[in-house]
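The residues making up each chain are set out below.
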Amino acid sequence: MPPPSKLNSADNASASCHQSENGYTDSAYSVHHEKDLVDLLQFSSAKESDDHLKEFSEALRTVAKALRRAAEGKAAAQAEAAEWKRKYSLEKERNRKLEVERIESNGDRKEPRADAVTNQTVPCNQRIEHCEPCCGRDGICSHDVLQNEENFTVSDARTGRNEWKRKASFKLSWWCKGEDSDQHKHDIVSFEKGNITTAERSSKQISLKWESDPQNVLVLTKPHSITVRVLCSELVRWLKEEKRLDVFVEPRVKSELLAESTYFNFVRTWEDEKEIAFLHTKLDLVVTLGGDGTVLWGPVPPVVPFSLGSLGFMTPFHSEDYRECLESVLKGPVSITLRHRLQCHVIRDAAKSEYEREEPILVLNEVTIDRGISSFLTNLECYCDDTFVTRVQGDGLILSTTSGSTAYSLAAGGSMVHPQVPGILFTPICPHSLSFRPLILPEHVTLRIQVPFNSRGHAWASFDGKDRKELAAGDALVCSMAPWPVPTACHRDSTSDFLQSIHEGLHWNVRKTQSFDGPRDA
């Protein structure tokens, strides 16, 4: 039998061997397994780090693109602000010189040059002493004098000569209801005893008064209508024979008139699209026959719209009374509604800057962004002056002028708004939300509607129901108020015509009157 010491040493050796088999004391065995564990951890961390790096790089690219756009937008805004400041200074100095010349000539109006356009703006709150005699005489406060004497010629097809009669000058002014009326006061913000107060507002009904007789009239017609064609030939004949006016029509209309009779050789038209851009410099008046959607280019002369029986909210004049209506308009003064328009640009995702945009489109009623033929919800990100507004998930979105508030926007649940209220209507189409209500935004904002990269389908934009454009992921539509309103003649005044149109066109709030012989309060 071995001694106890040997037994203990054997047991210790056995335990030592057992411990090494379990990995506690065998250093070589431990090192081997630690290397495997480190390799496994490095492989897993490398794979996870690659995924994180991809996400991080995508985020960095997105942030870099946003920062680049922000920097470009800031630079553009600064450049635009500097340009407007320069223009304002020039205009201010020019108006000061004109005022000095007017005072020196004892109030006699100085004739503008034939090769220049004179735009004088004399706010009443700065020229009150000159407004009071004007208001006392005929109830008109002169705010803006718009005169246009540029040289522009269009070939006469009959004589071959380039002849233009001089464009009529006119005066746009705020209409006041006499000296004794409270509405004669001007818009003034004052600070009295620490309080901000405003004077009673003057009537903002605008009046047009001719300073010389109109000479050139453009007649626009709704196509494919026998009734309109007959009325057009009668109207053109009357304007030439009775009023001695030069009449312009679209090339299509001139062909129709000449097919009817060679008598209409005196009618003028334009040869190409370039001439359309300059028509407003010589046309005194535009007469539209049928429909609301016949107005077309940038600056627009005063428009007299005639209705031919269809539902029209901008056509207060009836075609059967065209002689009396045009006699009144040509004689003047006549009330005017300035109808604001939207100016829209499409910016593609491939664009390197905000300036790489497609040609602007002017909209009188609304621009609609919808899902087109796609079965998926429209997914649109909306920004207002670079501030995130909301994400539209539904059938689409309507950006409408106040003149277009009685059109598609009304059908989608938007409010009816007086056309002279400056604003942009933000109306969703069938939103998949119970809390998405329409908005009315101020007219000075810029709206950006963008299709996000995670959108399931493309969107489609239509402008006044036409000129449809596809918007892919990353594309954006930018809308702001156009600088050129459409001045339309009123039958009575702007408010009366608006209320009459919603009463007659929509039968607004028509309800059978409650019987008077029912129960009464005690």
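Rules used throughout
- Residues numbered from 1 in each chain as written.
- Predicted model: local features only at pLDDT ≥ 70, side-chain atom pairs only at ≥ 80, totals over all residues.
- Heavy atoms only, no water.
- UniProt positions renumbered as here; feature names shortened; annotations may be inferred.
- Helix = DSSP H or I, 4+ residues; strand = E, 2+ residues; numbered from the N terminus.
- Buried < 20%, exposed > 50% of the residue type's maximum accessible area, 1.4 Å probe, protein only.
- Contact = heavy atoms within 4.5 Å.
- Areas by Shrake-Rupley, 256 points an atom, 1.4 Å probe, with all protein chains shown as cover.
- Axes fitted to C-alpha atoms, helices over the stretch in contact; angles between N-to-C directions.
- Parallel < 35°, antiparallel > 145°, perpendicular 65-115°, else oblique.
- Left-handed = near helix turned anticlockwise from the far one by under 90°.
- Nonpolar A, V, L, I, M, F, W, Y, C, P; charged D, E, K, R; others polar.
- pLDDT = per-residue confidence, 0-100.
- Polar contact = N/O pair within 3.5 Å; in protein donor to acceptor, adjacent residues only side chain to side chain.
- Phe/Tyr/Trp six-rings, centres within 6.5 Å; stacked < 30°, edge-to-face > 60°.
- Lys NZ or Arg CZ within 6 Å of the ring centre and 35° of its normal.
- Core = buried A, V, L, I, M, F, W, Y, C linked by side-chain atoms within 4.5 Å.
- Salt bridge = Lys/Arg side-chain N within 4 Å of Asp/Glu carboxyl O.
- Pairing = 2+ DSSP bridges.
- Arc of directions from axis to C-beta.

Going by an unreviewed UniProt entry, the protein chain carries the name NAD(+) kinase and comes from Kalanchoe fedtschenkoi. The record held by UniProt for the protein chain lists under Catalytic activity (unreviewed entry) the comment "NAD(+) + ATP = ADP + NADP(+) + H(+)". Of the protein chain, the UniProt comment under Sequence similarities (unreviewed entry) reads exactly: "Belongs to the NAD kinase family."

**Structural notes on the overall build of the protein chain**
Helix and strand counts for the protein chain stand at 9 helices and 24 strands. Per-residue burial for the protein chain yields a buried fraction of 38% across its 522 residues. Within the protein chain, residue pairs in contact and separated by at least 24 positions form 66% of the contacts whose partners lie at least 6 positions apart. Accessible surface for the protein chain amounts to roughly 31100 Å². Of this, 54% is attributable to carbon and sulfur atoms.

**Quick look at the packing of helix α4 (residues 226-241) against helix α7 (residues 322-331)**
Working note: a packed helix pair is described by the angle between its axes plus the distance between those axes. Here α4 crosses α7 at 40°, and the two axes come no closer than 12 Å. Considering the angle they form, α4 stands oblique to α7. Of the two elements, α4 crosses α7, and the hand of that crossing is right-handed. Contact residues: α4 offers Leu-231, Glu-234, Leu-235, Trp-238 and Leu-239, while α7 offers Tyr-322, Arg-323, Leu-326 and Glu-327. Residues that form the contact of α4 with α7 fall into these classes: 6 nonpolar, no polar and 3 charged.

**Here we look at the confidence of the model for the protein chain**
Overall, the predicted model of the protein chain reaches an average pLDDT of 76, with 70% of residues at or above 70. The low-confidence segment residues 177-188 (pLDDT under 50) makes 27 contacts with residues lying over four places distant or belonging to another chain.

**Some details on the side chain of Glu-381**
Tracing the backbone through its elements, the reader meets Glu-381 in strand β16 (residues 378-384). Within the structure, the side chain of Glu-381 is placed 3.3 Å from the side chain of Tyr-383, a separation counted as a polar contact. Setting aside chain neighbours within four positions, we find Glu-381 in contact with Phe-388, Thr-390, Arg-391, Arg-448, Ile-449, Gln-450 and Pro-452.

**Observations regarding the packing of aromatic side chains**
In total, this model carries 7 aromatic pairs according to the counting rule given. A centroid spacing of 5.8 Å and a plane angle of 50° characterise the contact between Phe-306 and Phe-317, whose relative ring orientation is tilted. Separated by 11 residues along the polypeptide, Phe-306 in strand β10 (residues 303-307) and Phe-317 in strand β11 (residues 317-318) bring together distant segments of the chain. Comparing Phe-306 with Phe-317 shows no difference in burial state: the two are buried. A network of ring pairs unites the aromatic residues Tyr-263, Phe-264 and Phe-266 as a single cluster. A cation over an aromatic ring shows up here: Arg-237 above the ring of Tyr-263, its NZ or CZ 4.5 Å from the ring centre.

**Considering the nonpolar core**
Residues Val-219, Leu-235, Val-236, Leu-239, Leu-289, Phe-306 and Leu-326 are the most contacted members of the largest nonpolar core, which totals 36 residues. Per element, the largest residue contribution to this core is 7 residues, and it comes from α4. The contacts of Val-219, once residues within four sequence positions are left out, are Cys-232, Leu-235, Leu-239, Val-247, Phe-248, Val-249, Glu-250, Val-287 and Leu-289. By size, the runner-up hydrophobic cluster in this structure holds 28 residues, among which are Leu-342, Leu-380, Ile-424 and Phe-463.

**Some words on the pattern of salt bridges**
Going through the model one piece at a time under the given rule, you end up with 13 salt bridges. A salt bridge links Arg-371 to Asp-395; its shortest N-O distance comes to 2.9 Å. Here Asp-395 lies in strand β17 (residues 387-401) and Arg-371 lies in the loop between β15 (366-370) and β16, a separation of 24 residues in the sequence. What emerges from the salt-bridge pattern is a single network uniting Arg-229, Glu-250, Arg-252 and Glu-256.

**Points about the UniProt feature "coiled-coil region" (unreviewed entry) in the protein chain**
In the numbering adopted here, UniProt assigns the feature "coiled-coil region" (unreviewed entry) to residues 67-101. A helix fraction of 100% and a strand fraction of 0% characterise residues 67-101, whose end C-alpha atoms lie 51 Å from each other.

**So, unusual backbone geometry**
Of note, the bond from Gly-332 into Pro-333 is cis; its omega dihedral lies within 30 degrees of zero at -10°. For Pro-333, the position within the fold is in the loop between α7 and β12 (334-339). The backbone phi angle of His-224 is positive, close to 60°, even though this residue is not glycine. Note that His-224 resides in the loop between β7 (216-221) and α4. With a phi angle near 50°, Asp-385 is a residue other than glycine that sits in the positive phi range. Residue placement: Asp-385 occurs in the loop between β16 and β17. Classification of Asp-385 as partly exposed rests on a relative accessible area of 39%.

**Observations regarding the pairing of β16**
The element β16 is largely enclosed, with a buried count of 6 among its 7 residues. Pairing of β16 with β17 involves 7 bridges; the strand directions are antiparallel. Across the sheet, Tyr-383 pairs through a bridge with Phe-388, a residue of β17. Between the antiparallel neighbours β16 and β17 lie 2 residues, among them Asp-385 with a positive phi of about 50°. Where β16 meets strand β20 (residues 447-450), 4 bridges bridge the pair, whose relative direction is antiparallel. Bridge pairing links Tyr-383 to Arg-448 in β20.

**So, α7**
For α7, every residue scored as buried is listed here: Tyr-322, Cys-325, Leu-326, Val-329 and Leu-330. Along the axis of α7, the buried positions cluster into a sector of 125°, meaning they face one direction only. Exposed side chains of α7 directed beyond 90 degrees from the buried face belong to Glu-324 and Lys-331. Immediately beyond the C-terminal end of α7, within one or two residues, lies Gly-332, with a positive phi of roughly 70°.

**Re the side chain of Asp-497**
The topology assignment puts Asp-497 in helix α9 (residues 494-506). Here His-491 takes part through its backbone nitrogen, which lies 2.7 Å from a polar atom of the side chain of Asp-497. In this structure Asp-497 touches Pro-316, Cys-490, His-491 and Arg-492, once residues within four positions along its chain are discounted.

**Focus on the packing of α4 against helix α5 (residues 251-260)**
Packing of α4 against α5 leaves a shortest axis separation of 11 Å and a crossing angle of 80°. The orientation of α4 with respect to α5, classified from their angle, is roughly perpendicular. Contacts from Arg-229, Cys-232, Ser-233 and Val-236 in α4 reach Val-253, Glu-256, Leu-257 and Glu-260 in α5. When the residues that make up the contact of α4 with α5 are grouped by side-chain class, the tally is 4 nonpolar, 1 polar and 3 charged.

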